[in-house]
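Structural overview
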Amino acid sequence: MESATLERPQPQSMDINTLLKNVVAHGASDLHLVSRSEPQIRIDGKLVPLNLAVLDGQKIEEMCYTLITDKQKKQLEEHKEVDFAIDIPNVGRFRGNYYYTFGNELAAAFRIIPTEIPTLDDLNSPAIFKEIIKREKGLILVTGPTGSGKSTTLSALLNEININEHKHIITVEDPVEFIHQNKKSLFSHRNVGEDTKSFSSALKYAMREDPDIILIGEMRDKETIEAALTAAETGHLVFGTLHTNSAVQTINRIVDTFDGSEQLQIRNMLSVSLAAVISQMLLPKKSKGRVAAQEIMINNHAIANLIRENKIHQLYSQMQLNQANTGMQTQTQALAHFVEKNIIRKEDALHVASQPEELKGKIGV
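This text gives an overview of the structure that appears in the document.

Reading the values: the criteria
- Residue indices begin from 1 for each chain and proceed along its sequence in written order.
- The predicted origin of the model limits local features to residues at a pLDDT of at least 70 and limits the giving and counting of side-chain atom pairs to 80 or more, whereas totals for whole chains, interfaces and linings rest on all residues.
- Side-chain metrics rest on all non-hydrogen atoms present in the structure, leaving aside hydrogens and water.
- When DSSP finds two or more bridges between a pair of strands, those strands are recorded as paired.
- A run of H or I in DSSP counts as a helix once it spans at least four residues, and a run of E counts as a strand once it spans at least two, with each numbered from the N terminus.
- Convention adopted: a line fitted to C-alpha atoms gives each axis, helices being fitted over their contacting stretch, and angles between N-to-C directions are expressed from 0 to 180 degrees.
- The contact criterion used is simple: two residues touch if any of their non-hydrogen atoms lie within 4.5 Å.
- Note on classification: 1.4 Å probe, protein chains only; a residue is buried when its accessible area is under 20% of the maximum for its type, exposed when over 50%, partly exposed between these limits.
- In this context, the arc is that of the directions from the helix axis out to the C-beta atoms.
- Residues adjacent in sequence count toward polar contacts only when both atoms are side-chain atoms; beyond that, a polar contact is any pair of N or O atoms within 3.5 Å, and within protein one must be able to donate a hydrogen and the other to accept it.
- In summary, the pairing rule links any two rings of Phe, Tyr or Trp, Trp by its six-membered ring, whose centres are within 6.5 Å, and it sorts them by plane angle into stacked for under 30 degrees, edge-to-face for over 60 and tilted for everything else.
- Salt bridge, as applied in this entry: a Lys or Arg side-chain nitrogen positioned within 4 Å of an Asp or Glu carboxyl oxygen.

This part is about the sheet that holds strand S3 (residues 46-49). Read from one edge of the open sheet, 6 strands run S3-S2-S1-S6-S5-S4, paired in antiparallel fashion. A single partner strand is all that each edge strand has here, and the edge strands are S3 and strand S4 (81-88). Taken pair by pair, the neighbouring strands of this sheet meet at an average axis angle of 25°, ignoring direction. Judged from the 9 bridges that link them, strand S5 (residues 92-101) and strand S6 (residues 105-113) form a sheet pairing that is antiparallel. Among the inter-strand pairings, Asn97 is bridged to a residue of S6, identified as Ala109. Packed onto the sheet, helix H2 (residues 57-64) meets strand S1 (30-33), S5 and S6 and runs at close to 45° relative to S6.

Laid out in structure tokens, this is it:
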């Protein structure tokens, strides 16, 4: 499907606040400012050019520099990119990334962060989500590609805890996205680069900050993954994200991060400390909006044995057994459900399916 230009009157001035207001007004998720193109916004997963003048690097710099501090400007000039989050009064909260193209032309991407944090019910999340967050300890991973709604799912999981439990929740992010207001729980939001030097450093010292729950915005490296596993093993409920597309791929990614001599220990730690893997992707609805198709793996005795014995390839088959009691579901089942309910198109489901032949059998293609 080709992107169509939004036929809207051109604003009197092209300033960054006006452009970000357009994101909100059109129900978009992202704004892109790239030299040699007019501004573009993403609506329901599709890029749509705004009916505005073509930008150049100087214009983008003039607009975007107004939003960042001198420290962030210095970081941008030294490292050629910078991440940040910002609240703009009467507009909204956004995550921003500035980067360079063609060597010296600034470009920018903004993603809107809802200030109203959704509940699990708002997202029509599976009932098992309310059960897994009641655990006192363990590692809950929400995975998927960029733009798959991982942050939104995590925020809803934490919001559910905030509504019902008296917990100290430390979030470590780069940058902090959703800001939770203390309801029953107490939140300590930590921004990598400002409040702590790194994810691994924050996790190391978190043990002295009396947390019940820790959110790790991204498990980027060996040190962070190891610290997360240790925290989960020693009595904390830990939430984290990975850019993986399935439970099997997630377990393999974690294990493969470590040297061969360490992998047995890591599989043993995972078999004990892993609570759940939620792998999701967003698909366009037939109507307006998008829906999250979620594969759910819940750790139990059988899953733990397969991880410990390095039989990762058998996890998918195990997830299909006794689902009424385990709460697990495969990606194929999630996609087939939305097709059968006439929520998504068959071709969209098949386009993203990791097991397309299995899905064809279920949806009658």
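Inspection of helix H1 (residues 16-25) places Ile16, Leu19, Leu20, Asn22 and Val23 among the buried residues, and these make up the whole buried set. Projected down its long axis, H1 shows its buried positions confined to an angular sector of 145°, all on one face. The residue sitting at the N-terminus of H1 and contributing the capping side-chain oxygen is Asp15; that oxygen lies 3.1 Å from the backbone nitrogen of Asn17. Phi for Gly27, located one or two positions after H1, is positive at around 65°.

This brings us to the side chain of His168. With respect to the helices, strands and loops of the structure, His168 is situated in strand S8 (residues 168-173). Side chain to side chain, His168 and Ser188 meet in a polar contact 2.9 Å long. Engagement of the side chain of His168 in a polar contact is seen with the backbone oxygen of Glu209, the distance being 3.2 Å. Filtering out sequence-adjacent residues up to four positions away, His168 remains in contact with Leu186, Ser188, Glu209, Asp210, Pro211, Asp212 and Ile213.

Okay, the packing of aromatic side chains next. Counted under the stated rule, the structure contains 3 aromatic pairs. Here the aromatic rings of Phe84 and Phe110 are separated by 6.4 Å at their centres, their planes lie at 80°, and the arrangement is edge-to-face. Of this pair, Phe84 sits in strand S4 while Phe110 sits in strand S6, placing them 26 residues apart in sequence. In terms of burial, Phe84 and Phe110 fall into one category: buried. Seen in terms of ring centroids, Tyr98 and Phe110 are 5.9 Å apart; in terms of plane orientation they differ by 75°. Their pairing is edge-to-face. Highlighted residues: Tyr98 in strand S5 and Phe110 in strand S6, separated in sequence by 12 residues. Phe110 sits in the buried class, given a relative accessible area of 2%. Taken together, the aromatic side chains of Phe84, Tyr98 and Phe110 make up a single cluster linked through ring pairs.

Another aspect to go through is the pattern of salt bridges. Where charged atoms from two side chains of opposite charge come close, those side chains can pair. In this structure the tally under the stated criterion is 15 salt bridges. A salt bridge links Arg93 to Asp87; the shortest N-O distance between them is 2.8 Å. In this structure Asp87 comes out as partly exposed when scored by relative accessible area, which is 47%. Between Asp121 and Lys130 there is a salt bridge, and its shortest N-O distance comes to 3.0 Å. Ionic contacts of the salt-bridge type, sharing partners, join the residues Asp174, Glu218 and Arg220 into one network.

This next bit is on the sheet that holds strand S12 (residues 274-284). Within the open sheet, the 7 strands sit side by side as S9-S8-S10-S11-S7-S12-S13. Their pairing is mixed. Each edge of the open sheet carries a strand with a single partner, namely strand S9 (186-191) and strand S13 (290-298). With strand direction ignored, the average angle separating the axes of adjacent strands in the sheet is 15°. In the sheet, strand S7 (residues 138-143) pairs with strand S11 (residues 237-242) via 6 bridges, with the strands oriented parallel. Opposite Gly138, over in S11, you have Leu237 as the bridge partner. Contacts from helix H9 (residues 260-273) reach S7 and S12 within the one sheet, and its direction differs from that of S12 by about 80°.

Scope: geometric values only; no functional claims are made or implied.
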